[in-house]
Amino acid sequence: MDFIQTVVAFVVTLGILVTIHEWGHFIVARLCGVKVLRFSVGFGKIFYSRIDRQGTEFALALIPLGGYVKMLDEREGEVPEAQKNQAFNNKNVYQRIAIVAAGPIVNLVFAVLAYWLLFVSGVSTVVPVIGSVVKDSIAEYAQLPIQGEIVAIDGQPTASWQEVNLALARRIGDSGVLRLQIKGGELAEANHLGNYSLNLQSWNFDLEKQSPISAIGIKPFRPEIAPVLGAVSVGGRAEKAGLLSQDLVVSISGSKIETWYHLVEKVQSSPEQSLIFKVLRSDSILEIPITPAGKTLESGRIIGLVGVGVQPPQWPREMLRNNQLGVIDGLVAATNKTWKMISLTLGSIKKMLIGIISVKNLSGPITIAKVASQSAESGFEAYISFLAYLSISLGVLNLLPIPMLDGGHLFYYMIEIIKGKPVSEQVQGIGLRIGMALLFGMMAIAMFNDVMRL
């Protein structure tokens, strides 16, 4: 069932983004008087199609990893004399630029609209309050105050942990000083604003294993979570032993369990060891023997797992914010958010090229499918945010000056404007081979990373 859900989420997510991207090419091509032969979502064998009054075939194909808009073009076959003025290659260079750029630009516009929808409908966020700091970390050396709220990083407001994470992510690989503004704290007045400087000189970490927040040594505030079982995995040790969702774990093998963290610590430290779970179910106390399964981590450490999930905690009201903006303010905020994400994406690509960020962080269709499924499970807000981020990534990547991508064609057209004549077919052919090698190489790395993550 989980596999089917993941596949469906992947197909729907990619289908939405591909349709939006190709619609951009399609609508501008028609506005420029180019005859569109086919609008396809997916590659390979077509399993559904229809033809409209203008002779365009709208098709769905079996391989849901992209799509294309096929236009009338003399470079790809014979064009009747009466239709030559409708061929893509016969349009002036500025019309061709508009048609090619429309796909990625529409992806970016879609992201703005998606964020705008979230902002005007109201976004629920957790206030970024520091729960604790890690010993000998950058955060501890800077003496960040426990229970203080991070209100700004490098002068940029941070109203949620997501914004804190993005602000820190922009500084990955940088040296120098990171500036935090923090309100309140255990030893300060509630409205006191303190300024803190964090030295990033020795800030090196693996994005695969840590988030920027944890790497800097900050542990977000979390309410104490009762040891009540949430989801119980089908086929897991807990289900086989008879544990049920909503069971309250009182003790494990004589050790009192007061919070969910105590439960996790006890289970993880006991791989393949027999444990006695004492649980409260309705008004009855039950003792249930369980042997946690062993799992080997990348570090070589073996931990125990029983196959249970946490019951979502109840957050204190003062720790939650519901930010709802008006139509105009929402549009401004959505545009700013999209621009920040574009900058972060471009910055990450640059850092990957110069080796600051490892190529291990490249993700392929398997990771996208898993995140799409998890986002859909987390609700409308999480899924729309993921869709907007993925649309930005698709738009930015397609604008890179790599032959085979939209950006590669735009690069050729810019040369054409400067030289006054098109780039030769021979040069474009060489560029195509280079572009294919680059793209297939990136795809191979991304797929390898996906498999290793599994």
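Position labels on residues start from 1 in each chain and follow its written sequence. Owing to the predicted nature of the model, reporting of local features is limited to residues with pLDDT of at least 70; listing and counting of side-chain atom pairs is limited to 80 or more, with chain, interface and lining totals taken over all residues. Only hydrogens and water are set aside; all other atoms, that is, all heavy atoms of the structure, feed into the side-chain values.

Asks: Help me understand the pairing of strand β8 (residues 193-199), please; the structure alone is not making it clear to me.
Replies: For a regular strand, side-chain orientation follows a simple rule: the groups alternate between the two sheet faces. Exposure is judged per residue with a 1.4 Å probe applied to protein chains only, and the accessible area is read against the type maximum: over 50% gives exposed, under 20% gives buried, and values in between give partly exposed. Only DSSP runs of H or I with at least four residues qualify as helices, and only runs of E with at least two residues qualify as strands; both kinds are numbered from the N terminus onward. Alternating residues of β8 divide into Gly 194, Tyr 196 and Leu 198, all buried, and Leu 193, Asn 195, Ser 197 and Asn 199, none buried. Whether two strands pair comes down to DSSP finding at least two bridges between them. In this structure, strand β7 (residues 177-183) lies alongside β8, joined through seven bridges in antiparallel fashion. Residue Leu 178 lies in a different strand from β8, and its bridge partner there is Leu 198.

Asks: Looking at this structure, how should I read the nonpolar core?
Replies: Across soluble globular proteins, nonpolar side chains show a tendency to be buried alongside one another. To qualify as a nonpolar core, a set must consist of buried Ala, Val, Leu, Ile, Met, Phe, Trp, Tyr and Cys residues joined through side-chain atoms within 4.5 Å. Membership of the largest hydrophobic core comes to 41 residues, with the highest contact counts inside it found for Leu 144, Ile 150, Leu 198, Ile 216 and Ile 218. Broken down by element, this core gets its largest block of residues, seven residues, from helix α2 (residues 93-121). Any pair of residues with heavy atoms lying within 4.5 Å of one another is described as a contacting pair. Apart from the residues lying within four places of it in its own chain, the contact partners of Ile 216 are Ser 137, Ile 138, Ala 139, Leu 168, Leu 178, Leu 198, Leu 200 and Trp 203. Ranked by size, the runner-up nonpolar core spans 22 residues in total, among them Val 18, Ala 29, Val 34 and Ile 99.

Asks: Help me understand the packing of aromatic side chains, please; the structure alone is not making it clear to me.
Replies: Two aromatic rings, taken as a pair, are described by how far apart their centres are and by the angle between their planes. Pairing of aromatic rings covers Phe, Tyr and the six-membered ring of Trp, with a centre-to-centre limit of 6.5 Å; geometry is then stacked below 30 degrees between planes, edge-to-face above 60, and tilted otherwise. Enumeration according to the criterion identifies five aromatic pairs in this entry. Relative to Phe 39, the ring of Phe 26 has its centre 5.6 Å away and its plane inclined at 85 degrees; by these criteria the two rings are edge-to-face. Highlighted residues: Phe 26 in helix α1 (residues 2-31) and Phe 39 in strand β1 (residues 36-51), separated in sequence by 13 residues. On the numbers, 6.4 Å between centres and 45 degrees between planes, the contact of Phe 411 with Tyr 412 is tilted. For Phe 411, a relative accessible area of 44% puts it in the partly exposed group.

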